[in-house]
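Observations on the model geometry
The chain contents come next:
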Amino acid sequence: MPAYAIARLRPTDTLHDEVLTYMERVQGTLDPYDGRFLIHGAPEREVREGDWPDAVVIVAFPSMSHARAWYDSPAYQELLPLRTRHLDGDLILIDGLPPNYDPATTAAALRTARLP
């Protein structure tokens, strides 16, 4: 089942040179874990609910074990401070859904679980 690294980063007026170095080198840390960018920054977006001033980054991995191995890898851990020193943000690793996922099935299971 796929997994994703999802980051919500708070932009600054100017990007520090270390952030640009991070951007230049991050793909090299993803390659051994088959990570690929799905969204990187999303400069063109349409906010339909709430307030969303932040940049969005989504990286896909073949599995949660790939995502964890990437994040914990020495190569990424060495690179990470180049971003975190200059950009505030949040990052989660999260499992994706299996093919043919049906939210109605999940709702039915939740209804059943609520019955006395």
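This text goes with the structure placed above it.
What counts, and at which threshold
Residues numbered from 1 in each chain as written. Predicted model: local features only at pLDDT ≥ 70, side-chain atom pairs only at ≥ 80, totals over all residues. Heavy atoms only, no water. Core = buried A, V, L, I, M, F, W, Y, C linked by side-chain atoms within 4.5 Å. Buried < 20%, exposed > 50% of the residue type's maximum accessible area, 1.4 Å probe, protein only. Helix = DSSP H or I, 4+ residues; strand = E, 2+ residues; numbered from the N terminus. Contact = heavy atoms within 4.5 Å. Lys, Arg positive; Asp, Glu negative; His and termini not counted. Salt bridge = Lys/Arg side-chain N within 4 Å of Asp/Glu carboxyl O. Polar contact = N/O pair within 3.5 Å; in protein donor to acceptor, adjacent residues only side chain to side chain. Pairing = 2+ DSSP bridges.

Turning next to the nonpolar core. Core analysis: the largest hydrophobic core is formed by 20 residues, its most contacted members being Leu9, Tyr22, Val59, Phe61, Trp70 and Tyr76. Those elements that provide at least two residues to this core are β1 (3-10), α1 (17-30), β3 (55-61), α2 (64-72) and α3 (74-79). With sequence-adjacent residues up to four places away left out, leucine 9 is seen in contact with Asp54, Ala55, Val57, Arg83, Leu87, Asp88 and Gly89.

Counting through the fold element by element, methionine 1 comes out in the segment before β1. Residues contacting methionine 1, with those up to four places away along its chain left out, are Pro62, Ser63, Met64, Gly96, Leu97 and Pro98.

Now for the side chain of serine 63. Within the fold, serine 63 resides in the loop between β3 and α2. With near-sequence residues (within four places) excluded, serine 63 lies in contact with Met1, Pro2 and Ala3.

Looking at the element boundaries, arginine 83 is found in helix α4 (residues 81-84). Within the buried set, arginine 83 has no salt-bridge partner at all; the shortest N-O distance to an opposite charge, 8.3 Å, is to aspartate 88. Reaching out from arginine 83, the side chain makes a polar contact with the side chain of tyrosine 22 at a distance of 3.5 Å. Residues within four places of arginine 83 in sequence aside, it is in contact with Leu9, Val19, Tyr22, Tyr76 and Leu91.

This part is about the pairing of β3. Along any regular strand the residues' side chains alternate between the sheet's two faces. The buried fraction of β3 is high, at 7 of 7 residues. Alternating residues of β3 divide into Ala55, Val57, Val59 and Phe61 and Val56, Ile58 and Ala60, and every residue in both groups is buried. Examined bridge by bridge, β1 and β3 share 7 bridges and lie antiparallel to one another. Looking at the pairing, tyrosine 4 lines up with alanine 60 of β3. As paired elements, strand β2 (residues 36-41) and β3 share 5 bridges and run antiparallel to each other. Bridge pairing in β3 links isoleucine 39 to isoleucine 58.

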